[in-house]
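An overview of the molecular structure
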Amino acid sequence: MASTSPRPVLTRAKVIVPVALVLAVLIAFVTVFTRFYTDLLFYRSVNFSKVFTTVIYTRILLFALFGVVMAVVIGTNIVLAYRLRPPVRPLSTEQQNLERYRSAVEPYMKLALVAVAALFGLAAGLSASGHWRTWLLWVNGVKFGETDPQFHRDISYYTFTYPFQRFLLGFLLTAVLLSLLVTILTHYLFGGIQLQTPRERVTPAAKAHISVLLGLVALLKAWAYWLDRFGSVFSSRGVATGASYTDVHAVLPAKLILLFISLACAVLFIYNIFQRGWTLPLVGVGILALSSAVIGGIYPTFVQQFQVRPNEATRETPYIERNITATRDAYGIDKVRSEPYAARTDVTAAKVAADTGTIPNTRLLDPSKVSRTFQQLQQIRGYYTFPKTLDVDRYTVRGDDGKDVTGDYVVSVRELNQAGLGTEQRNWINDHLTYTHGKGFVAAPSTTVDNGRPAFEQGERNLPQEGDFGVTQDRIYFGEMSPKYSVVGTRQVEIDGPGPGNTQATTTYNGDGGVSIGSTFRQGLFALRFGEKNLLLSGDITRNSRILYERNPRDRVSKAAPWLTLDGDPYPAVVNGKITWILDGYTTSDGYPYSARRTLGDVTADAVTAQSGNRAQQPPDQVNYIRNSVKATVDAYDGTVTLYAWDEKDPVLRTWMKAFPDTVQPKKAISPSLMEHLRYPEDLFKVQRDLIGQYHVADTPGRTPAQVAQDFYSQVDFWQVSDSPDGSDQPQPPFYVYSQLPGRTKPTYNLTSPLISARSSKLAAYMAVSSDPGTYGQFTLLKLPSGDTISGPVQVQSAIESNADVVNKLTLWRGAGSQTIEGNLLTLPVAGGLLYVEPYYVQARGSTGYPTLQGVAAAYGERIGFGTSLGEALDKVFGSGAGAAAAGAGSGADSVTNGDQNGAGAGAGGASAGATGGSAAGGGTALQDAINDADRAYQSGQTALGKNPPDFTAYGQSQSDLAAALARLRTLAPPASTAPVSPSPSSTARSPSPSAPASAVVVSPRPSSPPAASG
């Protein structure tokens, strides 16, 4: 039988491994390509493809440039080390052990060389590509036109050039150190370094190679010391940021000395090539290490402790001056000047009534508290919703007298909420083809209420859209709460809210937003991107269909302008009939010499950002330069992104505009309609108020720069932001207020904040900045008398809630069926003093309850007033007639009775003794019957509310009975001046109308204790 040679057997591993590798590479390629191409389509759809291509090309350039350099450097040193191997190696146990590894490596030397060099090159290229911002700033940097006070270099060097030099130094140092590592390993592997030999352990060739690399390390270290000198302008060693006395007189000379020592070490390393042993290099390294410890560490510490500390105020004065000047310039507060404000307390009712610029514009609706009210009264359909925190803006409308009136409004848009759909309605078609958009702009004046509710009839409301703002396109395809993606222009019609009668309106998108998804190729790509096969298989998608994605306005602007830091609060506005999102963009830097650094995420956090779901918190990046350089808009219908240059003189903005030409429109392109709604941004204001708390000392009249530096050093007059009065342990947020500031002839739209003393909780200052086009960015800083004790927000909040009248009201409202919610505690300059105003809302417990305004607290000096309206509260504080200017604000409840008025308010007179004594005549059985009737009525109301569904008819009747019983109680037992009675339920509850939702009813709890008969 003839024999046959055995065939090679294909094992599973030999087949599976290559196939798996090919599949892995293919999947990775498809994944990367899908993301790349769909991102490119997005940038094309918003006309910002230049941004995408510039970033991609820059990243590719950096990847290739630095990756190739790293690979060449590493590969060259490996090749040199291999070629410089000794031809003959001595027989030793060490070499015999290494021979096995040499035998394994040498047949694949080229492959190993390429693999190692490619691995290091890939890592370096990927790392370098992430520094595309640093590269673009360096390549396109423009001059600031200002120099630093120490080295007299233009600020642009520190902002644009210095960061790139640091990056380049780090890269070169890494490349040389890695080369040194692979060189030593290669020499050791191939015998250039022999540790176990009585002869020379390092061959001359290996010694020369290593010495050159060590010389390069020393040269790079010398460059590092040179750059460290310029880095001293960011030092935090002294009292203030920047080169301090110790830095200038000890550290800078030390760096220069260390630089020359490093150069000497480099020479010694090169000279060592021609010498035996390593004595000279080791001496050089020892000298450098010792010098670094003594000259670079011990000597500056000695100077700081024994020369500076005993005379720190004097020594640091010139450097504090530098810091104050640089910080005020870098944060745009150099023109802020404080003015004295007496904060008078002896104000008459007539003077308060004459304030028609601030009092009528006092906000009663807190946008962070009334979202549920908007939800219950303007949701319209279950699949719509409002964000947790609403926005504010000002609008000009035609008044009843035919004149244009500008006022403050709480605004929002009715966004799509697919979670409001029933379980049986949730499917792919409904989620992505049918329910695609929100609808409607909703606004109510913040200064007016209608029986405690927002006065929507004076703003924008309902569907179809009603109001005086001129909304012509009210659909919200791009919003803060829009779905991840929707496909429009399909064979499925889109739900468009309620139609005529009781019908359901539908629509089909006809805008240019989004990306065409008509081709099978694109459908497949987006199916891969979103992990949804229906995008490829659905027969409802046509050649005219478009996919909407990246729909959050902040995300769209962030992608279109990745060089901007965006404000955390985009807000909607009606601009030329369209709903438009407005965003503020900041250019920031951490490279402004001598300027104080702040952590952006820390100084912009407050009580609202901590609780809101739609206010983005800033990242924990440190900055020492910031400008509101860009105003951005996003069209809510078609998603168009537009960038406008706001601070056209900003060198950082001009640098980015040079890097991304034709992406930012000039300031003059802003339309008048848009200009009316631009606001001074909150996050910038928060940063500036934090700095003004310290750097306001520079604007003290009559003080020389040296005296100002002394004031800064002592920190005696430092201010800080007050904690929020709500007990959240977060800073109080700033408030947009339409008010007339002292010295102004008319009201303006201002962003405001009180500041308290850093050493106590007393009020120290009040700051405001205008958002009006004519005075935009103009600061008002009112400095209160340092010798007066004026309560800050937290103290005022405590005083309000310990006031007898307020305690009675809150006790009544905080019963088993309801809860109170405190609104924004506003600080307002009024009649030469400071007025605090705080609205109080009552909300019925349960999922359908929503806040309604029930009371307003006012505080002025030591006087506190509380009423159902702002006017009533002002009357109690200042006397009759003071609230005349707030007559149009409405009230949260019906007016209280005379008896209740007599006992309310700080300093208000109670009922007379004669009236009290006379009340005994009506005591006895009638009084007890009234108490029993009130108790039964209250219990009946709670029983009615506890039914499922609640019996509102019975509840309304019980409230009427309760009001009648309490009215009898007031007649039988008038309150004493020292113990004011609780307000009647008629002040806090109404019988619901047939059209009112269930949660419109405010539950009046049982009084804590019925009034007792006198006498």
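Residues numbered from 1 in each chain as written. Predicted model: local features only at pLDDT ≥ 70, side-chain atom pairs only at ≥ 80, totals over all residues. Heavy atoms only, no water.

To continue, consider the overall build of the chain. Per the secondary structure count, the chain includes 30 helices and 34 strands. Across the 1015 residues that make up the chain, the buried fraction comes to 54%. Pairs at least 24 residues apart make up 70% of the contacts formed inside the chain by residues separated by at least 6 positions. For the chain, the exposed surface amounts to about 43,400 Å²; the carbon and sulfur share of it is 56%. (Helix = DSSP H or I, 4+ residues; strand = E, 2+ residues; numbered from the N terminus. Buried < 20%, exposed > 50% of the residue type's maximum accessible area, 1.4 Å probe, protein only. Contact = heavy atoms within 4.5 Å. Areas by Shrake-Rupley, 256 points an atom, 1.4 Å probe, with all protein chains shown as cover.)

One open sheet holds the three strands; their spatial order is β13-β17-β16, and the pairing between them is antiparallel. Every other strand in the sheet has two partners, leaving β13 (485–488) and β16 (515–516) as the edge strands with one partner each. Where β13 and strand β17 (residues 546–549) come together, four bridges link them in antiparallel fashion. The residue of β17 that forms the bridge with Val-488 is Arg-546. Its contacts with the sheet put helix α15 (residues 520–530) on β13, β16 and β17, and the angle it makes with β17 is roughly 25 degrees. (Pairing = 2+ DSSP bridges. Axes fitted to C-alpha atoms, helices over the stretch in contact; angles between N-to-C directions.)

To continue, consider a nonpolar patch on the surface. Together, Val-15, Ile-16, Val-19, Leu-23, Leu-26, Ile-27, Phe-29, Val-30, Phe-33, Phe-36, Phe-521 and Leu-528 make up a nonpolar patch on the protein surface, roughly 1,100 Å² of accessible area in all. For the nonpolar patch, the secondary structure elements donating two or more residues are α1 (12–45) and α15. For the nonpolar patch, the element with the most residues is α1, which contributes ten residues. Assignment of secondary structure puts Leu-528 in helix α15. (Patch = residues over 30% accessible without salt bridge, like charges linked within 9 Å, V, L, I, M, F, W, Y side chains within 5 Å. Salt bridge = Lys/Arg side-chain N within 4 Å of Asp/Glu carboxyl O.)

Going through the model one piece at a time under the given rule, you end up with 33 salt bridges. Here Arg-398 and Asp-404 are joined by a salt bridge, their closest N and O atoms 2.7 Å apart. Overall, the relative accessible area of 51% leaves Asp-404 in the exposed class. In this structure, Asp-717 engages Lys-783 in a salt bridge whose closest nitrogen and oxygen atoms are separated by 3.2 Å. On the criterion of sequence distance, the pair formed by Asp-717 in the loop between α23 (705–714) and β25 (719–721) and Lys-783 in strand β29 (residues 779–783) is long-range, its members being 66 residues apart. In this structure Lys-783 comes out as partly exposed when scored by relative accessible area, which is 24%. Residues joined by salt bridges that share partners form a network here, namely Arg-35, Asp-39, Arg-529, Glu-550 and Lys-559.

On to the UniProt feature "transmembrane region" (unreviewed entry) in the chain. The feature "transmembrane region" (unreviewed entry), as annotated in UniProt, sits at residues 15–36, 56–82, 108–128, 167–190, 210–227, 256–274 and 281–302 in this numbering. For residues 15–36, helix accounts for 100% and strand for 0%, while the C-alpha atoms at its two ends are 32 Å apart. (UniProt positions renumbered as here; feature names shortened; annotations may be inferred.)

Another aspect to go through is the environment of Ala-64. Inspection of the secondary structure puts Ala-64 in helix α2 (residues 49–83). In the structure, Ala-64 is positioned 61 residues away from Gly-125 in sequence and 6.3 Å away in space, judged by C-alpha atoms.

One pair of aromatic rings is described through two measures. These are the centre distance and the angle between the planes. For the structure shown, the criterion picks out 54 aromatic pairs. Ring geometry for Phe-66 versus Phe-171: centroids 4.8 Å apart, planes at 85 degrees, classification edge-to-face. Here the residue Phe-66 occupies a position in helix α2, and Phe-171 occupies one in helix α6 (residues 155–189), the gap between them amounting to 105 residues. In terms of burial, Phe-66 and Phe-171 fall into one category: buried. The interplanar angle of 10 degrees and the centroid separation of 3.9 Å between the aromatic rings of Trp-138 and Phe-164 together place this pair among those described as stacked. Taken together, the positions of Trp-138 in helix α5 (residues 132–140) and Phe-164 in helix α6 put the pair 26 residues apart, joining distant regions of the chain. Look at Phe-164 and you get buried, because its relative accessible area is 6%. The ring centre of Tyr-82 lies 3.9 Å from the NZ or CZ of Arg-85, which sits over that ring. A cation over a ring is seen here: Lys-631 above Trp-646, with NZ or CZ 5.3 Å from the ring centre. (Phe/Tyr/Trp six-rings, centres within 6.5 Å; stacked < 30°, edge-to-face > 60°. Lys NZ or Arg CZ within 6 Å of the ring centre and 35° of its normal.)

Next up on the list: the environment of Tyr-37. As for its position among the elements, Tyr-37 is in helix α1. On a C-alpha basis, the gap between Tyr-37 and Arg-522 in space is 9.4 Å, while along the polypeptide they are 485 residues apart. Other than its neighbours up to four places away in sequence, Tyr-37 contacts Phe-521, Arg-522 and Leu-525.

Looking now at the confidence of the model for the chain. Across the chain, the average pLDDT comes to 87, with 87% of residues at or above 70. Here residues 893–924 is modelled with pLDDT under 50, and outside its nearest four sequence neighbours on either side it reaches 46 contacts, counting other chains as well. The model gives residues 974–1015 a pLDDT under 50, and that stretch makes 107 contacts with residues more than four places away or in other chains. (pLDDT = per-residue confidence, 0-100.)

All right, on to the packing of α5 against α6 then. Running from N to C, α5 and α6 point in directions that differ by 125 degrees, and their axes come no closer than 8 Å. As the angle between them shows, α5 and α6 are arranged oblique. As α5 runs across α6, the sense of the crossing is left-handed. In this structure, α5 contributes Thr-134, Trp-135, Leu-137 and Trp-138 to the contact, and α6 contributes Phe-160, Thr-161, Pro-163 and Phe-164. (Parallel < 35°, antiparallel > 145°, perpendicular 65-115°, else oblique. Left-handed = near helix turned anticlockwise from the far one by under 90°.)

The subject of this paragraph is the nonpolar core. Ranked by internal contacts, the top residues of the largest apolar core, which has 193 residues, are Phe-441, Leu-535, Ile-547 and Phe-878. If one sorts the elements of this core by residue count, α6 sits on top with 13 residues. Phe-878 has contacts with Val-347, Ala-349, Val-352, Leu-835, Tyr-860 and Arg-863, leaving out every residue within four places of it along the chain. Of all hydrophobic cores here, the second largest spans 25 residues; its members include Ile-756, Val-796, Val-806 and Val-842. (Core = buried A, V, L, I, M, F, W, Y, C linked by side-chain atoms within 4.5 Å.)

Among the secondary structure elements, Thr-134 is positioned in helix α5. Assessed through its relative accessible area of 19%, Thr-134 is described here as buried. Setting aside chain neighbours within four positions, we find Thr-134 in contact with Pro-163 and Phe-164.

With 14 residues, helix α22 (residues 682–695) extends 19 Å between its outermost C-alpha atoms, agreeing within 8% with the 20 Å of an ideal straight helix rising 1.5 Å per residue. With twelve of 14 residues buried, α22 is to be regarded as a mostly interior element. (Expected span 1.5 Å × (residues − 1).)

With that settled, the discussion passes to the pairing of strand β31 (residues 826–830). By the criterion of burial, β31 is predominantly enclosed, with five of the five residues buried. Neither face of β31 is exposed, since Leu-826, Leu-828 and Val-830 on one face and Thr-827 and Pro-829 on the opposite face are all buried. Here β31 pairs with strand β32 (residues 833–844) via five bridges, running antiparallel. Counted as the bridge partner of Thr-827 is Tyr-836 from β32. Between β31 and β32, which pair antiparallel one after the other, the connecting turn spans two residues, and Ala-831 there sits at a positive phi close to 55 degrees.

That bond from Leu-463 to Pro-464 is cis: its omega, -5 degrees, falls within 30 degrees of zero. Its place among the elements puts Pro-464 in the loop between β10 (460–461) and β11 (466–467). Residue Ile-380 is not a glycine yet carries a positive backbone phi of 70 degrees. Mapped onto the fold, Ile-380 is located in the loop between α13 (371–378) and β2 (384–385). The phi dihedral of Asn-462 is positive, around 60 degrees, even though this residue is not glycine. Structurally, Asn-462 is set in the loop between β10 and β11.

A few words now on the packing of α2 against helix α4 (residues 109–129). One way to put it is that α2 packs onto α4 with a least axis distance of 7 Å and a crossing angle of 145 degrees. The way α2 lies across α4 gives a crossing that is right-handed. Contact residues: α2 offers Arg-59, Leu-62, Phe-63, Phe-66, Gly-67, Met-70, Ala-71, Ile-74, Gly-75, Ile-78, Val-79 and Tyr-82, while α4 offers Met-109, Leu-113, Val-116, Ala-117, Phe-120, Gly-121, Leu-122, Ala-124, Gly-125, Leu-126, Ala-128 and Ser-129. Among the residues forming the contact of α2 with α4, the class breakdown is 18 nonpolar, five polar and one charged. (Nonpolar A, V, L, I, M, F, W, Y, C, P; charged D, E, K, R; others polar.)

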